Amino acid sequence: MTDSTLYIISGILGYLLGSIPFGIVFTRMAGLGDIRKIGSGNIGATNVLRTGRKDLALLTLLFDSGKAAIAAIIAYQATSETTCDLAALIAGTAGVIGHNFPIWLKFKGGKGVASTLGVLFATSWEVGLCSGLTWLLMAFTFKYSSLSALVALILAPVYAIYFATSDHIYFYSFLALLSVIRHHQNIARLIKGEESKIKFKKK
């Protein structure tokens, strides 16, 4: 099997895993209806948290971050030493794309923050740790989920300069750009001072 074929398979695997909408799955199983009809309309953990169910938000966060990470790990383990890093990056990135544009939801998905963080941890744990800590610092300081995500993911390629390779920098830069595009409405609301803050307690 050629390297190109392995990369294509890695991408397909990543996309299909990333397309699983765990936020919708968990909230419907809990009898909360369609998560897309409340809050921001997003299918990610932050919007699940707006239901007041911290347990479901945590599950969504774990599974959304895990699905792209698992795709990256499978690709890494299934390919040769010379191709494993690139295969993992392709699979993980495809997983984020799958989350953002899932085939099961007519390509209308989330914003890929948790999935991207999962990819960072799976492909370079040092970068993942730095980005995760950046998100936490920003979230607890400013309480804006979108701002926290943007800063954390934009800094990922910078962290990769010190902890990873040029391939990582390229893929992380793409993921950061994708995140900015997906958050364009949040950015507009942040500028206007209209962005909603993270609420850790249900009213």
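Residues numbered from 1 in each chain as written. Predicted model: local features only at pLDDT ≥ 70, side-chain atom pairs only at ≥ 80, totals over all residues. Heavy atoms only, no water.

On to the confidence of the model for the protein chain, then. Scored by pLDDT, the protein chain comes out at a mean of 92, with 97% of its residues at no less than 70. Averaged over each element, pLDDT in the protein chain is lowest for helix α3 (residues 45–49) (84) and highest for helix α9 (residues 166–182) (98). (pLDDT = per-residue confidence, 0-100. Helix = DSSP H or I, 4+ residues; strand = E, 2+ residues; numbered from the N terminus.)

A few words on a nonpolar patch on the surface. On the surface, I8, I12, L16, F101, I103, W104 and F107 cluster together into a nonpolar patch covering about 710 Å² of accessible area. Following the sequence through the fold, L16 ends up in helix α1 (residues 3–18). (Patch = residues over 30% accessible without salt bridge, like charges linked within 9 Å, V, L, I, M, F, W, Y side chains within 5 Å. Areas by Shrake-Rupley, 256 points an atom, 1.4 Å probe, with all protein chains shown as cover. Salt bridge = Lys/Arg side-chain N within 4 Å of Asp/Glu carboxyl O.)

The next point concerns the packing of α1 against helix α5 (residues 84–100). Helices that pack against each other are described as a pair by the angle of their axes relative to one another and the distance between those axes. It is the contact of α1 with α5, at a shortest axis distance of 6 Å, that shows an interaxial angle of 35°. The element α1 and its partner α5 pack so that their crossing is right-handed. Counted together, Y7, S10, G11, G14, Y15 and G18 of α1 and L86, A87, I90, A91, A94, G95, I97, G98 and H99 of α5 form the full contact between these two elements. A breakdown of the residues in the contact of α1 with α5 according to their chemical character gives 8 nonpolar, 7 polar and no charged. (Axes fitted to C-alpha atoms, helices over the stretch in contact; angles between N-to-C directions. Left-handed = near helix turned anticlockwise from the far one by under 90°. Contact = heavy atoms within 4.5 Å. Nonpolar A, V, L, I, M, F, W, Y, C, P; charged D, E, K, R; others polar.)

Contact geometry of helix α6 (residues 113–123) with helix α8 (residues 145–163) gives a least axis separation of 11 Å together with a crossing angle of 30°. Between α6 and α8, the crossing angle belongs to the class labelled roughly parallel. Crossing handedness for the pair α6 and α8: left-handed. Across from V113, T116, L117 and L120 in α6, the residues of α8 making contact are A149, L153 and A156. Among the residues making up the contact of α6 with α8, the classes are represented as 6 nonpolar, 1 polar and no charged. (Parallel < 35°, antiparallel > 145°, perpendicular 65-115°, else oblique.)

Further remarks concern the nonpolar core. In terms of nonpolar packing, the biggest core is built from 16 residues, with L120, V127 and Y172 touching the most fellow members. Residue assignment for this core shows that the elements contributing at least two residues are α5, α6, α8 and α9. Non-local contacts of V127, meaning those with residues more than four positions away in its chain, are made with L120, A156, Y159, A160, F163 and Y172. By size, the runner-up hydrophobic cluster in this structure holds 12 residues, among which are F22, F26, A57 and L105. (Core = buried A, V, L, I, M, F, W, Y, C linked by side-chain atoms within 4.5 Å. Buried < 20%, exposed > 50% of the residue type's maximum accessible area, 1.4 Å probe, protein only.)

Here we come to the pattern of salt bridges. Counting across every chain of the model gives 5 salt bridges. Across the pair D34 and R36 runs a salt bridge whose closest N-O atoms are separated by 2.9 Å. When its relative accessible area of 15% is taken as the criterion, D34 is described as buried. Close ionic contact of D55 with R53 constitutes a salt bridge, the shortest N to O distance being 2.8 Å.

A few words now on the packing of aromatic side chains. The tally for this structure, following the rule as stated, stands at 3 aromatic pairs. Relative to F26, the ring of F22 has its centre 5.8 Å away and its plane inclined at 25°; by these criteria the two rings are stacked. Residue F22 and its partner F26 are both found in helix α2 (residues 22–29); the two are separated by 4 residues, about one turn of the helix. F26 matches F22 in its accessibility class, with the two residues each being buried. Ring geometry for F26 against F63: centres 5.2 Å apart, planes inclined by 75°, an arrangement best described as edge-to-face. Taken together, the residues span a long stretch of sequence, with F26 in helix α2 and F63 in helix α4 (residues 54–78) at a distance of 37 residues. Taking relative accessible area as the criterion, F26 reaches 13% and is therefore assigned buried. (Phe/Tyr/Trp six-rings, centres within 6.5 Å; stacked < 30°, edge-to-face > 60°.)

Here we come to unusual backbone geometry. The phi angle at K106 is positive, at roughly 55°, despite the residue not being glycine. Along the chain, K106 falls in the loop between α5 and α6.

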